[in-house]
Amino acid sequence: MPGAIYAEGLVKTFGDVRALDGVDLDVPEGTVLGLLGPNGAGKTTAVRCLTTLLTPDSGRATVAGIDVLKHPNEVRRSIGLSGQFAAVDEYLTGRENLQMVGQLYQMKAKEAKARAGELLDRFHLADAADRPSKTYSGGMRRRLDLAAALVVSPPVMFMDEPTTGLDPRNRQGLWEVIQELVAGGTTLLLTTQYLEEADHLAHDICVVDHGRVIARGTSDQLKARTGGERVEVVVHDRERIATASEVLRGFGKGEVAVAEHTRKLTVPVTGGAKLLAEVIRELDARGIEIDDIGLRRPTLDDVFISLTGHAAELADEGNGADTEADTELRPGHGARSQHSPAAGSRRSPGAESQRSPGAEPQRKKEADK
Amino acid sequence: MSTATDTALKAGPRPAGGIRQSVRDSLVVAKRNLIRMIRIPEVVLFGLIQPVMFVILFTYVFGGSIQVGGSISSQDYRNFLMAGIFAQTVTFATAGAGAGIADDMHKGLIDRFRSLPMARGAVLTGRTIADLAQTALTLIVLAGVALLLGWRTHENFGKILAGFGLLLLLGYAFSWIGALIGLSVRTPEAATSGGLIWLFPLTFISNAFVDSNKLPTFFRHIAEWNPFSTTVQACRELFGNLPPGFQTPDAWPMRHPVLASVIWSVVILLIFRTLAVRKYRSAAA
């Protein structure tokens, strides 16, 4: 039996760009699928096809068991969509927006009014309910948009980059709302550029690039595919980097990556905490003073890089939690990338230039909305 | 596919469907657009200032120097001019419809609407109905200003109302052209300029400001078959504003302007409504 969201061989082209190039998805009822990928990967196009906004060139899809192509209007009754842009009317108050959406979901005016009141309370918008949404903060607007998607408590929800552009506090708040929803049995397809977000919210993750699903699995499965853990050391004294590097080479399973200006050394290892203790003892024995040391397990950032050969482009959003990981992963930023064998070979200039011609127009298309 | 879900779906409340749902959804959207107009009154205000300015400019700058029919009196020109200004006002309102719809596309609101189980044409119908209300308001104010400036009608009240009815019908038909433009361009700015450009030749190569009999042959033919001229001519007849000594042109629409005006407006409405709704359904934002 297919899941609450099911797609098979979805293809959608815009001119020369294959925005979707044969996407298969299967989301069991009551679970969250994270569609993870950089800008222009085809995430939004996939959501637009599944929510009846776009007709795919080929392939088939069902949502809540209803054929998306054959019965679009019935699909619309079973879904809620919260987009990349907060799609609320800025001159209408929060209450007016929700009432309008309720009525367009074919609720009676009175029902729509009552439901709007409930949602405004639930999303902590009651105080601002009768102000035009133009006056709302970014986080409030995003909550209102989400409330609009939940007017009929749809069994299936689509959220296209729900937290893009939100500050960490608002993002945390939205995550909580999403988790509540899912606990209530809603099936959710969520797109995100934030690896941390997919890690946090999704049961299953599909990594998308160039319109294709290039990997799928749970967050743990994907991490396991990327390989093992690493020891990271920050030495106190720049002079001792060479010696420390020699020590790490003895314990490591690969090359030691050195970032001179941050005095950070990284080496892939196996052996976990026990090995870490040994490394510390050895460094101590050689009299190397360390500022920081730790065992680092692969993050989804690492998964993404090893799968696509390029980092997920997210630094420009300036989102607190992701920024640190991202800066480290940017090609050419710090010495580490030059040494890491996995990243080094894949991040060849060829791979980069191959990507740009196709990706550009698509990105534009999505941005134009 | 899951039969259980299908059964559950059938058991649930069904939307009314059909015409009732279309009307209801259109009114919900129209209400939304009317609320916007009240919250952004400057849009309505500028929409009023422009035609008032045109009336003043044409009456005082050209009045007395343009011969209409056999008369060169400025009172005759003033009476002659008003139907033209009214018609121009209702058509210029189309640019607003286009810009509004383009703005909704741009902000993602059209995506929201398209993901809802609502009647297909309701977003556009709601918008055009709200615009019609604005146009009606503009016409009332403009008629008041015209009366103050000395415009006089010479027919009974029913005919005058019929004249305004034709104007509103023309305006409503044209707002669907605006809707199609709004759905076809990338930005609201493009919709505003794209929505205005074609209106200049349309309203000036016509009988709105001059007696079409006095135009060069080529332009005279265009002017006499121009749907816009037809409504202007119909209004002049219905208002009793044809100047003394006016020669009705031989072109069929000029001889039967009321009927021709209705036909033109209905044809434009049907064609552009169909195109706009089709475009809306496939709008790939």
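Since this is a predicted model, take the numbers as computed values, not measurements.

Novice: Lay out the overall build of chain B in plain terms, naming residues and giving numbers.
Specialist: In terms of helices and strands, chain B carries 13 helices and zero strands. Starting at the N terminus and ending at the C terminus, chain B contains elements arranged as α-α-α-α-α-α-α-α-α-α-α-α-α. With 25 positive and 14 negative side-chain charges, chain B shows a spacing of 8 Å between the two charge centroids.

Novice: How would you summarise the pairing of strand 11 (residues 229-235) of chain A if you had to cite specific residues and measurements?
Specialist: Residues and elements named next belong to chain A. The buried count for strand 11 comes to seven of seven residues, which makes it a mostly enclosed element. In strand 11, alternate side chains face the same way, and those of Glu229, Val231, Val233 and Val235 on one face and Arg230, Glu232 and Val234 on the other are all buried. In this structure, strand 11 lies alongside strand 13 (residues 264-269), joined through six bridges in antiparallel fashion. Note that in strand 13 the partner of Arg230 across the bridge is Pro268. Summarising the sheet, strand 11 and strand 14 (residues 290-296) pair through six bridges and their orientation is antiparallel.

Novice: Tell me about helix 13 (residues 257-282) of chain B, residues and numbers included.
Specialist: All names here are of chain B. Here helix 13 contains 26 residues, and its C-alpha end-to-end distance of 37 Å stays within 8% of the 38 Å for a straight helix at 1.5 Å per residue. Burial in helix 13 covers these residues: Pro257, Ala260, Ser261, Ser265, Ile268, Leu269, Ala276, Val277 and Tyr280. Where helix 13 is buried, its residues meet helix 5 (109-114), helix 6 (122-148), helix 7 (157-184), helix 11 (227-239) and helix 12 (252-255).

Novice: Any chance you could break down the pattern of salt bridges for me, citing the residues and the numbers?
Specialist: What the rule picks out here adds up to 31 salt bridges over all chains. A salt bridge links Arg286 of chain A to Glu246 of chain A; its shortest N-O distance comes to 3.5 Å. With a gap of 40 residues between them, Arg286 of chain A in the loop between helix 10 (272-285) and strand 14 and Glu246 of chain A in helix 9 (residues 241-251) connect regions that are remote in the sequence. Connected through salt bridges with shared partners, the residues Asp89, Glu90 and Arg141 of chain A together with Arg32, Arg36, Asp103, Asp104 and Lys107 of chain B form a single ionic network.

Novice: Can you break down the sheet that holds strand 12 (residues 257-259) of chain A residue by residue, with the values?
Specialist: Residues and elements named next belong to chain A. Strand order in the open sheet formed by four strands is 12-13-11-14, and the pairing between neighbours is antiparallel. Both edges of this open sheet fall to strand 12 and strand 14, since each of them pairs with a single strand only. Across the sheet, the axes of successive neighbouring strands diverge by a mean angle of 15 degrees, strand direction being ignored. Strand contacts of helix 9: strand 11, strand 12 and strand 13, with the helix running at about 10 degrees to strand 13, the strand carrying the most contacts.

Novice: Account for the layout of surface pockets, naming residues and giving values.
Specialist: Each pocket or cavity is described by its volume, and for the largest pocket that value is around 890 Å³. In terms of lining, the largest pocket is formed by 35 residues, of which the most central are Asn73 and Arg76 of chain A together with Met118, Arg120 and Arg281 of chain B. Taken together, the elements giving at least two residues each to the lining of the largest pocket come down to helix 2 (72-78) of chain A together with helix 2 (18-39), helix 5, helix 6 and helix 13 of chain B. Its residues assigned to classes, the lining of the largest pocket comprises 16 nonpolar, eleven polar and eight charged.

Novice: Any chance you could break down the sheet that holds strand 1 (residues 5-14) of chain A for me, citing the residues and the numbers?
Specialist: Remark on secondary structure: sheet strands pair via backbone hydrogen bonds, oriented parallel or antiparallel. All names here are of chain A. The four strands lie next to each other as 2-1-4-5, forming an open sheet whose pairing is antiparallel. Where the open sheet ends on each side, the last strands, each with one partner, are strand 2 (17-27) and strand 5 (66-67). With two bridges joining them, strand 4 (residues 58-63) and strand 5 adopt antiparallel strand pairing. Looking at strand 5, one finds that Thr62 is bridged to Asp67. With respect to the sheet, helix 1 (residues 43-50) is in contact with strand 1, strand 2 and strand 4, its orientation differing from that of strand 1 by roughly 115 degrees.

Novice: Report on the side chain of Arg36 of chain B, specifying residues and quantitative values.
Specialist: Position of Arg36 of chain B among the secondary structure elements: in helix 2. Its relative accessible area of 12% is what places Arg36 of chain B among the buried residues. Filtering out sequence-adjacent residues up to four positions away, Arg36 of chain B remains in contact with Asp89, Tyr91 and Leu92 of chain A together with Asp103 of chain B.

Novice: Kindly report on the side chain of Glu197 of chain A, identifying the contributing residues and their values.
Specialist: Residues and elements named next belong to chain A. Looking at where Glu197 falls in the secondary structure, it is placed in helix 7 (residues 195-201). One buried charged residue, Glu197, forms no salt bridge at all, with the nearest opposite charge on Arg171 at 4.1 Å. In terms of polar contacts, Glu197 uses its side chain to reach the side chain of Thr192, at 3.0 Å.

Novice: How would you explain the nonpolar core if you had to name every residue and give the values?
Specialist: With 111 residues, the main nonpolar core has Leu98 of chain A together with Ile85, Phe86, Phe113, Leu124 and Phe164 of chain B as its most contacted residues. Counting residues per element, this core draws most heavily on helix 7 of chain B, which supplies 13 residues. For Phe86 of chain B, the residues in contact, after removing those within four places along its chain, are Leu139, Leu142, Ala143, Trp151, Phe164, Leu167 and Phe239 of chain B. Formed by 32 residues, the second largest nonpolar core is a distinct cluster that contains Leu25, Val47, Leu50 and Val68 of chain A.

Novice: Give me unusual backbone geometry: which residues, what numbers.
Specialist: Residues and elements named next belong to chain A. The phi torsion at Gln106 lies on the positive side, around 75 degrees, for a residue other than glycine. Residue placement: Gln106 occurs in the loop between helix 3 (94-104) and helix 4 (109-122). Although it is not a glycine, Ser153 adopts a positive phi angle of roughly 45 degrees. One can find Ser153 in the loop between helix 5 (138-149) and strand 7 (156-160).

Novice: Got a sec to walk through helix 6 (residues 168-183) of chain A? Specific residues and values, please.
Specialist: Residue and element names in this part refer to chain A. Counted at 1.5 Å a residue, the expected span for helix 6 with its 16 residues is 22 Å, and the 22 Å between its end C-alpha atoms agrees. Of all the residues in helix 6, the buried ones are Asn170, Arg171, Leu174, Trp175, Val177, Ile178, Leu181 and Val182. What you see down the axis of helix 6 is that its buried residues fit within an arc of 165 degrees, all on one side. In helix 6, the exposed positions angled more than 90 degrees off the buried face are occupied by Arg169, Glu180 and Ala183.

Novice: So what's going on with the packing of helix 5 of chain A against helix 6 of chain A? Residues and values would help.
Specialist: Residue and element names in this part refer to chain A. At a minimum axis distance of 10 Å, the contact between helix 5 and helix 6 shows a crossing angle of 15 degrees. One finds that helix 5 runs roughly parallel with respect to helix 6. The handedness of the crossing between helix 5 and helix 6 comes out as right-handed. Two secondary-structure elements touch here, helix 5 through Gly139, Arg142, Arg143 and Leu146 and helix 6 through Asn170, Leu174 and Val177. Grouping the amino acids of the contact of helix 5 with helix 6 by side-chain chemistry returns three nonpolar, two polar and two charged.

The rules behind the values
Residues numbered from 1 in each chain as written. Chains lettered and ligands numbered in written order. Predicted model: local features only at pLDDT ≥ 70, side-chain atom pairs only at ≥ 80, totals over all residues. Heavy atoms only, no water. Helix = DSSP H or I, 4+ residues; strand = E, 2+ residues; numbered from the N terminus. Lys, Arg positive; Asp, Glu negative; His and termini not counted. Charge placed at Lys NZ, Arg CZ, Asp CG, Glu CD. Buried < 20%, exposed > 50% of the residue type's maximum accessible area, 1.4 Å probe, protein only. Pairing = 2+ DSSP bridges. Expected span 1.5 Å × (residues − 1). Contact = heavy atoms within 4.5 Å. Salt bridge = Lys/Arg side-chain N within 4 Å of Asp/Glu carboxyl O. Axes fitted to C-alpha atoms, helices over the stretch in contact; angles between N-to-C directions. 1 Å grid on protein atoms, 1.4 Å probe; cavity = no way out; pocket = protein on both sides within 12 Å on 5 of 7 lines; lining within 4 Å. Points joined across faces, edges and corners; volume = space filled by probe spheres on them. Nonpolar A, V, L, I, M, F, W, Y, C, P; charged D, E, K, R; others polar. Polar contact = N/O pair within 3.5 Å; in protein donor to acceptor, adjacent residues only side chain to side chain. Core = buried A, V, L, I, M, F, W, Y, C linked by side-chain atoms within 4.5 Å. Arc of directions from axis to C-beta. Parallel < 35°, antiparallel > 145°, perpendicular 65-115°, else oblique. Left-handed = near helix turned anticlockwise from the far one by under 90°.

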